[in-house]
Structure formats: structure tokens, C-alpha cells
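Below, each chain spelled out in residue letters.
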Amino acid sequence: MNPFTPEIGFADHVYQSYLQGLKLHWKNELYASVIAKAAQSGQPTPQALETEMRKAPDYRLYGWLERHLQQFKYQGRHGMLPVMQGQSEALIAALDEAARRHPERLQLDPALVLPHYYTAPDFHQHPGGVWSDDIDAFAYEWGANAFSFSMAAADRPYRWMAQYLTQRFAPASLVDMGCGFGKLCIPVKQISPSTEVVGVDLAAPLLRLAHLRSLEAGLDIRYVQANAEHTPLAARSFDAVVSYWLLHELPAEATANVLTEAMRLLRPGGVVAHFDMHTAPGGVVGEFLHMGHAARNNEPFLPGLVGADMKKALADAGFVDIELVEAMTGDAAQHDDAPIAPTRTHTFTVVIGRKPA
Ligand SMILES: C[S@@+](CC[C@H](N)C(=O)[O-])C[C@H]1O[C@@H](n2cnc3c(N)ncnc32)[C@H](O)[C@@H]1O
């Protein structure tokens, strides 16, 4: 089945690639200059470094680009949201048509009350979030595939995570919390067709798009609209409860609830694995850039995740055999004091634990 693709015109591509060029300059030259100056300044805390660095024109431009390129990406004549809004009828029709096929695989809950921590911020500066309108899902998909933070092939880390989970744990059933439009569920099912895969998310638009993309790929994946803190899924019914890039969007209390819910859903001996930005290498300089990113990109809970002891959080929820491993290698994660990356990127790690048998 040919994938449904929104219309993206030549001028839209030109505009978006201009932004991408600016982002590359931000990620390479500007970043290099900022971290060199920050390291020289010798400030003892991220806060003191922020105050000092605001005097540096390079850092002001770095911060301005980090915030505004994201706004330009979504808004304006060739922004991703207006481009999608201009064809909303066709986009909604494609989602509606998919929803009629295998409706048992798409379980939406129109009465679900979305938590305030989720609806109050416009995460990633996506106006209105990803939950308020069907077209948000297509704009988010375009952005996620075209503009990964590392500017590397956007699917690679998802394929790595899917391979890592299936090869290491061979789960017969897996639930992906905060599954978005299926970027992890789909490769898991492709690599391991016998695994029962369920995606859970709060955002109906994303789940509708995940369902469409899964049908197009010929994959039997079930999507459930629910809060990962308290799902309607049956207790002791999964071998793996995982997430990719969910935890940094949660306040600490919700993270604790997600871990408790994972414990409820897992069979004895089952595994929990959460991929996210649990560490910020580079000591004070790394932390300063990380905090700045959180503020500039509307990520209110990201600073709390980096400060949190995720191994302890898993232990508190009752998990054992806890590890923190580097994404893309599976090696033991480095300490926050490890050297900072030579170009701007996020460092991803996976925190893993096992429910006692
Ligand atoms: C940064 S996105 C990542 C999406 C997807 N995992 C990916 O990597 O493409 C975070 C996702 O978590 C979802 N989310 C946030 N809070 C949630 C919660 N409490 N329960 C379920 N989903 C949640 C959001 O709707 C969004 O789809």
C-alpha cells in the first residue's frame, strides 16, 4: 500500500531547507564557539555561566536561533502548520479512512481527561501541542522526520532501540508508552513480527496517524489512547514496557506513576526500558546548555529529568537488575562529567530494570 503523503510544495521545501542550513550553522560553528568561551570563563554553576555568557554575542545568537528557528519551522507562510492546515480536509479524510480499517486496532477514548502538565505547555514550541487537532500529527511527523535534533537520519536511533530490545529481551509482548505516531512500535514489529505490540499515547491525532502508518506498513499493532500513568491494559500482560522520549515530558510525580504502572503491567521477570535524555555530559558547560535548551524549547520537565537519579527511581518502584546504557552502543552510560560532544546534540541513554521473577 502506497503511503499517504501530504502535499509539500517547492517553496515550502526551500523555506524549510533554509532553516535547516541555519540550524547546521547553529549546531556546528556557533556551538563550538559557545562551548569554548563557556569553558574558558570557569564559572562554577550553570546559572553563573548563563549570566556570564549572556554578555557574549555568539551565545545570544545561539540562544536566539535555538528558540526562533523552531518557531519559524512551525509558523509563517511556509511553516509546517499552515502548510498542513491548507490541506486539512484531505489529511483528516486519510485518517478517517484508516480508522475504518481494522477499527479494533485503534482504541480512542474521547472522554479521557488530559493532564494539566501535558496541555499547559506548548512542548517543543508546537503551537497548541500535538493533541488538539488532527493536522498536528502530520506537522509533527514532518518535523520529526526532517529536523531531528542531531540532524542525523531520524529513524536510526529508533531502529537501534527496536533491535536492542528485541535481540536482548525477545519480548513476546511489548507496550510503548508515549508512542507518538508509531516510530518505535513500527520497527519493533518489523524486526520481530511475532511480538504483540501495543502503543499508548494521550494524543488522539498521533494515534490516528500511527494507525494509518502501521496499516500502510502491513503491520498489526494496537494503539490505545490513555495516560501512561494509569492505562486500561490488563495487569501482568506484557513482557516489556518501554518508552522513547516520554520521560522528559513528565513531572517527577508522573514519572513515578509511569514506573508503578509498568510494574503492574509486567509479568514477573518482565523488563522496563526508557530511552531519554537522562544525562548531560560536559559538566557545568553541558548542564548550562541543557538547561538553556529546556527553557528555549518549552521543555519544562527536562531539567528535572537530568537532575533525577533514574536508577533510584526504578529501584523505588521495585525493579531490580537496573542499568543505564548509552543509546546506539548499549555500553554502560558515561558520567555527566564525560567530555561534551564536539557538535550540538542530545545524549540519549536507556534506563533498564527487571520486575522480580
Ligand atoms: C517527544 S514525544 C515522543 C513520541 C514518540 N515516542 C517518538 O519518539 O516519536 C512524547 C510523546 O509522549 C506523549 N505523552 C506525554 N505525556 C504522556 C502521558 N502521560 N501518557 C501517554 N503519553 C504521553 C506525547 O503525546 C508524545 O506523543
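See above for the structure.
Described in the following lines is the structure provided in the data block. (Residues numbered from 1 in each chain as written. Predicted model: local features only at pLDDT ≥ 70, side-chain atom pairs only at ≥ 80, totals over all residues.)

## Some points on the site of the ligand
Spelled out, the test is: Put plainly, near means the residue's C-beta atom, positioned from the backbone, lies within 6 Å of the molecule or strand in question. Note that Gly is not counted as nonpolar here; it falls among the polar residues with everything else outside the nonpolar set of Ala, Val, Leu, Ile, Met, Phe, Trp, Tyr, Cys and Pro and the charged set of Asp, Glu, Lys and Arg.
Neighbouring the ligand are 22 residues, the closest being Gly178, Gly180, Lys183, Ala203 and Ala228. Of the residues in the shell around the ligand, the class split is 15 nonpolar, three polar and four charged.

## A look at the environment of Leu324
Applied cut-off: We count a stretch as a helix when DSSP gives it H or I for four or more residues in a row; a strand needs E for two or more, and each element gets its number in order from the N terminus.
Within the secondary structure, Leu324 is located in strand β7 (residues 320–326). Sequence separation between Leu324 and His116 is 208 residues, and the spatial gap between their C-alpha atoms is 30 Å.

## Topic: the nonpolar core
Our working definition: The term nonpolar core refers to a set of buried Ala, Val, Leu, Ile, Met, Phe, Trp, Tyr and Cys residues connected through C-beta atoms within 7 Å. With C-beta atoms placed from the backbone, a residue counts as buried when 20 or more other C-beta atoms lie within 10 Å of its own, as exposed when 12 or fewer do, and as partly exposed for counts between those limits. Any two residues are considered in contact once their C-beta atoms, placed from the backbone, lie within 7 Å.
The biggest cluster of nonpolar side chains holds 95 residues, and the ones touching the most others in it are Ala139, Leu206, Val241 and Val272. Element by element, the count of residues in this core is highest for helix α10 (residues 204–216), at seven residues. Not counting residues up to four positions away in its chain, the partners in contact with Leu206 are Val130, Ala137, Tyr140, Gly180, Phe181 and Asp201.

## Structural notes on helix α7 (residues 134–146)
For the record, the criterion: Here the expected span of a helix is defined as 1.5 Å times the quantity of residues minus one.
Spanning 13 residues, α7 covers 19 Å between terminal C-alpha atoms, matching the ideal 18 Å at 1.5 Å per step. Within the sequence span of α7, burial applies to Ile135, Asp136, Ala137, Phe138, Ala139, Tyr140, Glu141 and Trp142. Packed against the buried residues of α7 are α3 (57–74), α4 (80–85), α5 (88–100) and α10.

## Notes on α3
Basically, it comes down to this: What is called the bend at a residue is the angle between a pair of axes, fitted to the seven residues leading up to and ending at it and to the seven starting from it.
For α3, which comprises 18 residues, the first-to-last C-alpha distance of 26 Å matches the rise-based estimate of 26 Å (1.5 Å per residue) to within 8%. Residue His68 marks the point of greatest curvature in α3, where the axis turns by about 25°. Turning to α3, its buried residues are Tyr59, Tyr62, Gly63, Glu66, Gln70, Lys73 and Tyr74. Elements that come into contact with the buried residues of α3 comprise α1 (10–41), α2 (46–53), α4, α7 and α12 (283–296). At the C-terminal side of α3, Gly76 shows a positive phi close to 90°.

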